[in-house]
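# Examining the three-dimensional arrangement
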Amino acid sequence: MSALFNGLSSNGKFVVVGASMDPITVGPIQLIEGRKRFRMGFRNRPDSEDTMQFSTLSGVRPMIEQYPLEKAVEAYAQMISGRARFRVVLTMGG
């Protein structure tokens with residue numbers, strides 16, 4: 001992800017949603033030049049609300065892989081191995 005930061009335009013915002021064990025390195029000069037910002041997750045409530053409204057109005061739907069809760073270990077292994085094609089979601093009940 002570090003290399004992608006340089007692709008931001010002036011006043012760009014780099015938002016990381018999720019977590020990884022890989023470090024993300026962004027230097028002070030990268031932030032200062034072009035007034036770029038780096039954020040972790042949706043800490044800004046209006047950003048989250050705007051995203052949800054856009055998704056609703058435009059019909060955007062997530063692409064997911066569903067696993068019943070009983071297969072949580074299998075779902076986790078699929079995600080960690082990088083073999084999951086989409087977001088892994090656990091479901092409960094019928």
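Report on the accompanying structure. (Residues numbered from 1 in each chain as written. Predicted model: local features only at pLDDT ≥ 70, side-chain atom pairs only at ≥ 80, totals over all residues. Heavy atoms only, no water.)

### Some words on the overall build of the protein chain
Scanning the protein chain from terminus to terminus reveals four helices and four strands. Helices (α) and strands (β) of the protein chain occur, in sequence order from the N terminus, as α-β-α-β-α-β-α-β. Out of the 94 residues in the protein chain, the part that is buried amounts to 15%. A sequence separation of at least 24 residues applies to 39% of the contacts in the protein chain between residues at least 6 apart. Accessible surface, the protein chain as shown: approximately 7,800 Å² in total, 58% of it carbon and sulfur. (Helix = DSSP H or I, 4+ residues; strand = E, 2+ residues; numbered from the N terminus. Buried < 20%, exposed > 50% of the residue type's maximum accessible area, 1.4 Å probe, protein only. Contact = heavy atoms within 4.5 Å. Areas by Shrake-Rupley, 256 points an atom, 1.4 Å probe, with all protein chains shown as cover.)

### Thoughts on the environment of Ser81
By the secondary structure assignment, Ser81 is in helix α4 (residues 72-81). Taking the relative accessible area as the measure of exposure, Ser81 reaches 37% and is therefore partly exposed.

### Comments concerning a nonpolar patch on the surface
A contiguous nonpolar patch, built from Ile29, Leu31, Ile32, Phe38 and Met40 and spanning about 440 Å² of accessible area, is present on the exposed surface. Put simply, the parts of the chain that give the nonpolar patch at least two residues each are α2 (28-32) and β2 (37-40). Broken down by element, the residue count for the nonpolar patch peaks at three residues, all from α2. (Patch = residues over 30% accessible without salt bridge, like charges linked within 9 Å, V, L, I, M, F, W, Y side chains within 5 Å. Salt bridge = Lys/Arg side-chain N within 4 Å of Asp/Glu carboxyl O.)

### Here's the deal with unusual backbone geometry
A positive phi is found at Asn11, a non-glycine position, where the angle reads about 65 degrees. Among the secondary structure elements, Asn11 is positioned in the loop between α1 (2-5) and β1 (13-16). With a relative accessible area of 44%, Asn11 lands in the partly exposed category.

### Let's talk about the side chain of Gln78
Structurally, Gln78 is set in helix α4. A relative accessible area of 17% places Gln78 in the buried class. Excluding residues within four positions of it along the chain, Gln78 makes contact with Glu65, Tyr67, Arg83 and Ala84.

### Side note on the side chain of Lys36
Mapped onto the secondary structure, Lys36 falls in the loop between α2 and β2. A polar contact is formed between the side chain of Lys36 and the backbone oxygen of Leu8, at a distance of 3.5 Å. Ignoring any residue separated from it by four or fewer positions in sequence, one finds Lys36 in contact with Phe5, Asn6, Leu8, Ser9, Gly12, Gln30 and Leu31. (Polar contact = N/O pair within 3.5 Å; in protein donor to acceptor, adjacent residues only side chain to side chain.)

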